[in-house]
Amino acid sequence: MAITVQGVSKRFGDFQALDKVSIEVEDGSLTSILGPSGSGKSTLLRVVSGLEHPDQGRVLIFGEDMTHLPPQKRGVGFVFQHYAAFKHMTVWENVAFGLKVRRRPKREIQTKVAELLELVQLGGLAERYPGQLSGGQRQRMGLARALAVEPKVLLLDEPFGALDARVRQELRTWLRRLHDEVHVTTVLVTHDQEEAMEISDCVVVMNHGRIEQSGEPRRLYDHPDSEFVMSFLGYANRIGDSLVRPHDIRIHLQPGADALAATVRRVVFLGFEVRAELEIPEGQTVRVQLTRSQAAELSLAPGQTIYVDLAHSRRFPEEREAAA
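All residue numbers refer to position in the chain's written sequence, counted from 1. Reporting of local features is limited, given that this is a predicted model, to residues whose pLDDT is at least 70; pairs of side-chain atoms are given and counted only at 80 or more, and all residues count toward the totals for whole chains, interfaces and linings. Hydrogens and water are ignored here; the side-chain numbers use all heavy atoms of the structure.

1. As for the overall build of the chain
Move 1: Here a helix means four or more residues in a row that DSSP labels H or I, a strand means two or more in a row labelled E, and each is numbered from the N terminus. Helices and strands together make up the secondary structure of the chain, namely 10 helices and 18 strands.
Move 2: Residue burial is assigned from relative accessible area. The probe radius is 1.4 Å, only protein chains are included, and a residue is buried under 20% of its type maximum, exposed over 50%, and partly exposed in between. Across the 324 residues in the chain, those meeting the buried criterion constitute 46%.
Move 3: In the chain, the proportion of contacts linking residues at least 24 apart, taken out of those at least 6 apart, comes to 64%.
Move 4: Accessible surface computed for the chain: about 16,700 Å², of which carbon and sulfur atoms make up 47%.
Move 5: Residues scored as positive are Lys and Arg, those scored as negative are Asp and Glu, and His as well as the terminal groups of each chain are ignored. Where a charge sits is defined by one atom per residue type, namely NZ (Lys), CZ (Arg), CG (Asp) or CD (Glu). A gap of 7 Å separates the mean positions of the 40 positive and 43 negative side-chain charges of the chain. It only takes one pair of heavy atoms within 4.5 Å for two residues to be counted as in contact. Using the Shrake-Rupley algorithm and a 1.4 Å probe, accessible areas are obtained, with residue cover drawn only from the displayed protein chains.

2. Side note on the nonpolar core
Move 1: The biggest cluster of nonpolar side chains holds 33 residues, and the ones touching the most others in it are Val95, Leu154 and Leu175.
Move 2: Secondary structure elements with two or more residues in this core: helix H2 (91–101), helix H3 (106–119), helix H4 (135–148), strand S7 (153–157) and helix H5 (165–182).
Move 3: Counting residues per element, this core draws most heavily on H4, at 6 residues.
Move 4: Filtering out sequence-adjacent residues up to four positions away, Leu175 remains in contact with Leu143, Leu156, Phe160 and Ile199.
Move 5: Residue types Ala, Val, Leu, Ile, Met, Phe, Trp, Tyr and Cys, when buried and joined through side-chain atoms within 4.5 Å, form a set referred to as a nonpolar core. Counting residues in hydrophobic clusters, the runner-up holds 24 residues, among them Ile3, Val8, Leu18 and Val76.

3. Description of the packing of H2 against H4
Move 1: Only C-alpha atoms enter the line fits that serve as axes; for helices the fit covers just the stretch in contact. Angles between N-to-C directions range over 0 to 180 degrees. With their axes 7 Å apart at the nearest point, H2 and H4 run at an angle of 25 degrees to one another. Compared by their axis directions, H2 and H4 come out roughly parallel. Both H2 and H4 take part in a crossing whose hand is right-handed. Between H2 and H4, the contacting residues are Val91, Asn94, Val95, Phe97 and Leu99 on the first element and Met141, Ala144, Arg145 and Ala148 on the second.
Move 2: Residues are grouped as follows: Ala, Val, Leu, Ile, Met, Phe, Trp, Tyr, Cys and Pro are nonpolar; Asp, Glu, Lys and Arg are charged; every other residue, Gly included, is polar. For the contact of H2 with H4, the residue count by class is 7 nonpolar, 1 polar and 1 charged. Put simply, angles under 35 degrees are roughly parallel, angles over 145 are roughly antiparallel, angles from 65 to 115 are roughly perpendicular, and the rest are oblique. Helix crossings are classified by the rotation of the near helix relative to the far one: an anticlockwise turn of less than a right angle makes the crossing left-handed, while a clockwise turn makes it right-handed.

4. A closer look at the side chain of Lys10
Move 1: Take Lys10: it is sitting in strand S1 (residues 3–12).
Move 2: For this document, the term salt bridge refers to a Lys or Arg side-chain nitrogen within 4 Å of an Asp or Glu carboxyl oxygen. Although Lys10 lies buried, it forms no salt bridge, and the closest oppositely charged side chain, Glu52, sits 4.0 Å away as judged by the N-O distance.
Move 3: Once you skip the residues sitting within four places of it in the chain, Lys10 turns out to touch Phe15, Gln16, Ala17, Leu18, Thr43, Glu52, His53, Pro54 and Asp55.

5. Quick notes on the packing of aromatic side chains
Move 1: Classification of ring pairs rests on two measures: the distance between centres of Phe, Tyr or Trp rings, Trp counted by its six-membered ring, which must be within 6.5 Å, and the angle between planes, read as stacked under 30 degrees, edge-to-face over 60 and tilted in between. Counted by the stated rule, this structure contains 2 aromatic pairs.
Move 2: Ring geometry for Phe86 and Phe97: centres 4.7 Å apart, planes at 55 degrees, overall tilted. Taken together, the residues Phe86 in the loop between strand S6 (76–79) and H2 and Phe97 in helix H2 connect sequence positions 11 residues apart.
Move 3: A centroid spacing of 5.4 Å and a plane angle of 10 degrees characterise the contact between Phe228 and Phe232, whose relative ring orientation is stacked. With Phe228 and Phe232 both in helix H8 (residues 227–232) and 4 residues apart, this pair spans about one turn of that helix.
Move 4: Given a relative accessible area of 17%, Phe228 falls into the buried group.

Structure representation (structure tokens):
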């Protein structure tokens, strides 16, 4: 394993940021740590990097115990949401900085920086300063700088969080392509479910300082272990004690044995999909997701009475009983 975290706990005063967390990250993988604000995901990343020291537990990188080593001796590259570039240095100088500190030969530095700038699509911007770059370009520069020193692992703490939605979409697609080229073990902290599901080999879901579930994105989505995981990874309607995804609700125009009567309140066309808001007995609103062809066949309209099949709903009785 590239990274092994064993029983790590961390408190800040009365706040338990991490509670006996254990994870394993495979060599060459792109792993996302996903969770809401305050779940402990950034603290975990900082413990792995050496920027925070755990109260208990161990951190191993490629089998070597790094728990008490400083960041510069762990062989990690770190990129933050707000990348701290040297404003008085050019793009080329920023990327070369780590290599110069390590006193690499000039020719090696020139070759390495040129290769990295081409890799991150900044080859023509080497002489610009950070203030002359867009947010997306600054983050690509940050990744090039982190990769320049050939880290054992690359740690990214919400690197695209400050960017607008379109740039964020472009950069996460680019990051996946970059990872497939360089194959460096990468851990990405994010609160964006779509981002984690789209680019990751493995997703680790955190909540209240603990690991709720980890595994391949599709497995977590299709086979959640808890209410929290199911509701956090995509939208889920709560109907009584059950949860059901909008696309798993089946709509019929005629009543059936197990179908529930509902009233169409709103129909929204979003290009490739159609979303409908239904009102079921007791006034509860339920969201349904349909394809354009399904919506056309049903001819849904506000005020219409239809019937919904909730056979694909999920219930987690053990969690609810434990909470009680």
